[in-house]
Amino acid sequence: MDIRNIAIIAHVDHGKTTLVDKILHATKVFRDNQETGELIMDSNDLERERGITIFSKNAAVTYNGVKINVIDTPGHADFGGEVERVLKMADGVCLLVDAFEGPMPQTRFVLQKALALGLKPIVIINKVDKPNCRPDEVHDAVFELFFNLDATEEQLNFPTYYGSGKNGWFNDSLTEIDNITPLLDGIIKHVPPPKVSEGPLQMQITSLDYSSFLGRIAIGKVARGTVKENQPIALMQADGTVKKQRIKELYVFEGMGKKKVTEVVAGDLCAVVGLEGFNIGDTIADAENPEALAVISVDEPTMNMQFSINNSPFFGRDGKFVTSRHLRDRLMKETEKNLALRVFDTDSADSFMVYGRGILHLGVLVETMRREGYELTIGQPQVITKEIDGKKHEPFETLVVDVPQEYASKVIDMVTRRKGEMLVMETKGDMQHLEFDMPSRGLLGLRTQMLTNTAGEAVMNHRFSEYKPWKGPIPGRNNGVLIAKDNGTTTGYSLDKLQDRGYFFVDPGEEVYRGQIIGENNKPGDIVVNSNEGKKLTNHRASGSDAATNIQPKREMTLEECMEYIQQDECIEVTPNNIRMRKVILDENERVKQQKRMSAEAV
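Computed from a predicted structure; not experimentally measured.

1. Remarks on the pattern of salt bridges
So, step 1. All told, the structure shown has 31 salt bridges when counted by the stated rule.
So, step 2. R134 serves as the salt-bridge partner of E137, at 3.1 Å between the closest nitrogen and oxygen.

This is how it looks when you write it as structure tokens:
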């Protein structure tokens, strides 16, 4: 059977998942009258809420007698680990580029990985129906990007398709048509069939699936030989151990689901059931002459965060899993399928250091655990530093900001204060395109501040570039916080009196505890406030003075915003129903003693 394996790669929001929808519809995977909704591949609740792809997924379609395995990948740099390992399954990539924005930082990152693996690229310039789009300039920019990434002659000779995924058409010229047939023909013509070398069985496990009936399922591409049901195999692991096992069942992808088969030939993607104790990157090899494939290499994490059990006065109220054993087991389970994540034990039995790619990567993990019923406390995210030639080095990122011209000076000012250096400044339409080189530390808390100062107009993206010498201290949050003095329920009366101090993260009638952060102070420095005081009632009533108090509604913060907001002596309590910020040391007198000790040590 003729097979093509393609991965769809692009920057965030350039239309990967929408393109997969159109391919599924064009190849009649669904009945004509079937209700499918949009973004069919984003099946996870978190993905649907945030409108982003987090996990890469497979679908298989048949077009003109050729089976096309389509792999949808995430676009965020934080989930780069997903993309890196999935590209191993593909023989060609469809690179989507927005006809207005052109190649963005993440486009560069995923393209670099794909070209290094020698995959054949097809460039698709999407969203040509947008006003002030510039497909020809974008085409030149993509060519330049390929050239800068040392593409081979053959890779530079890429075919280009234009179209609009939303309106459901793609063509090899800018002429609008009513289908995506030219693109499907192009995939069959330009993407080479999988290379099949002669020899005994070899298959690398590149992703995992889990089913409550079948247990853990290994997914990968058969590199050579054929794999059959009930076949004895050797599982070769990254540390060199070889385990003899037997394959129970085999599945290949068909449409959105899987189909059971008895054998799979080289070049096709398949799912293997019945193996135990395998990890991503292991090789399934012939039992008689086992040979291992090269291990998948994934870039190092750049950020770490402390996860510990919830030790606030409200612990155990919402969650089902609250002990350190539950927390440890869950984190270890996550490292099996999340390659860019690392978990280490600390001196304390109740807390663990978790290393990841960025705030979004760690935030999605915390959000997933919270929905599963876990309670935990997470500390401030820290960047990972390295000693190189006896000097302290820290990770630097390339930051790209697109912003209307009147806000450009504010953005430049904010980034340079955080030790960023401007590399590029150019005008695109009525937007200013800015590129900076800045320490990863400077990005913590920058997004919220930037959106506030540019009236929500700035679009910022960043990706890790390299480790460079330490840049010195970076100013953190300017304002202090308001801290609850006692346990109890907040009252409208006391919040009304405190309004001129700052704004609140709680509403009247909410339960708070001593040491919880309930608001932001207007000035630097923290204040401990009494938010639970009731009004002393007398027999006298004056007309109008007891009217309802006017209190501003509380400021809602998402998990990622909280992670960017907190300072070193603060942490976030995360439970299935609540996210609360608090001081690490809840008692006020203990906090003062600790500060004195710290300042004495600093001298």
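So, next bit.
2. Comments concerning the packing of aromatic side chains
Working definition: an aromatic ring pair is given by the centre-to-centre distance plus the angle between the planes.
So, step 1. Enumeration over the complete set of coordinates arrives at eight aromatic pairs.
So, step 2. Considering the side-chain rings of F344 and Y355, the 5.1 Å spacing of their centres and the 90° angle between planes classify their relative orientation as edge-to-face. Residue F344 is located in strand β19 (residues 342–345), and its partner Y355 is located in strand β20 (residues 351–356); the two are separated by 11 residues in the primary sequence.
So, step 3. A relative accessible area of 44% means that F344 is categorised as partly exposed.
So, step 4. The interplanar angle of 90° and the centroid separation of 5.7 Å between the aromatic rings of F505 and Y565 together place this pair among those described as edge-to-face. In this pair, F505 is assigned in the loop between β30 (502–504) and β31 (511–512) and Y565 in helix α13 (residues 559–565), connecting sequence segments 60 residues apart. By the burial criterion, F505 is buried, and Y565 matches it.
So, step 5. Ring-pair connections join several aromatic residues into one group, and the members of that group are F143, F146 and F158.
So, step 6. Here the guanidinium or amino end of R216 rests over the ring plane of F278, the centre of that ring lying 4.5 Å away.
So, step 7. A cation sits over an aromatic face here: K386 above Y467, 4.4 Å from the ring centre.

3. Quick word on unusual backbone geometry
Peptide bonds are, in most cases, trans, and in most cases residues other than glycine have a negative phi.
So, step 1. Positive phi outside glycine occurs at K127, with the angle close to 65°.
So, step 2. Checked against the element boundaries, K127 lands in the loop between β5 (120–126) and α5 (135–148).
So, step 3. Look at K127 and you get partly exposed, because its relative accessible area is 22%.
So, step 4. Unusually for a residue other than glycine, D389 sits at a positive phi of about 55°.
So, step 5. On the secondary structure map, D389 appears in the loop between β23 (386–388) and β24 (391–404).

4. Re the packing of helix α10 (residues 408–417) against helix α11 (residues 446–453)
So, step 1. Direction vectors running N to C along α10 and α11 enclose 155°, while the axes themselves pass 10 Å from each other. Comparing their axes, α11 and α10 come out roughly antiparallel. Crossing geometry of α10 relative to α11 is assigned as right-handed. Contact with α10, carried on its side by K410, V411, M414 and V415, involves L446, Q449, M450 and N453 of α11 and no other residues of that element.
So, step 2. Class assignment of the residues belonging to the contact of α10 with α11 gives a composition of five nonpolar, two polar and one charged.

5. Details of the side chain of T206
So, step 1. Take T206: it is sitting in strand β8 (residues 202–211).
So, step 2. Taking relative accessible area as the criterion, T206 reaches 2% and is therefore assigned buried.

6. A word on the environment of N338
So, step 1. Inspection of the secondary structure assignment puts N338 in the loop between α8 (324–337) and β19.
So, step 2. Separated by 27 residues in the primary sequence, N338 and L365 have C-alpha atoms spaced 9.7 Å apart.

7. Considering the sheet that holds strand β28 (residues 481–484)
So, step 1. Spatial ordering of the open sheet is given by β30-β32-β28-β33, a layout of four strands whose pairing is mixed. In this open sheet, the two edge strands, each paired with only one partner strand, are β30 and β33 (527–529). Each strand of the sheet is rotated relative to its neighbour by a mean of 30°, with strand direction disregarded.
So, step 2. Bridging between β28 and strand β32 (residues 517–521) involves three bridges; their strand directions are antiparallel. Counted as the bridge partner of V481 is E520 from β32.

Cut-offs applied
Residues numbered from 1 in each chain as written. Predicted model: local features only at pLDDT ≥ 70, side-chain atom pairs only at ≥ 80, totals over all residues. Heavy atoms only, no water. Salt bridge = Lys/Arg side-chain N within 4 Å of Asp/Glu carboxyl O. Phe/Tyr/Trp six-rings, centres within 6.5 Å; stacked < 30°, edge-to-face > 60°. Helix = DSSP H or I, 4+ residues; strand = E, 2+ residues; numbered from the N terminus. Buried < 20%, exposed > 50% of the residue type's maximum accessible area, 1.4 Å probe, protein only. Lys NZ or Arg CZ within 6 Å of the ring centre and 35° of its normal. Axes fitted to C-alpha atoms, helices over the stretch in contact; angles between N-to-C directions. Parallel < 35°, antiparallel > 145°, perpendicular 65-115°, else oblique. Left-handed = near helix turned anticlockwise from the far one by under 90°. Contact = heavy atoms within 4.5 Å. Nonpolar A, V, L, I, M, F, W, Y, C, P; charged D, E, K, R; others polar. Pairing = 2+ DSSP bridges.

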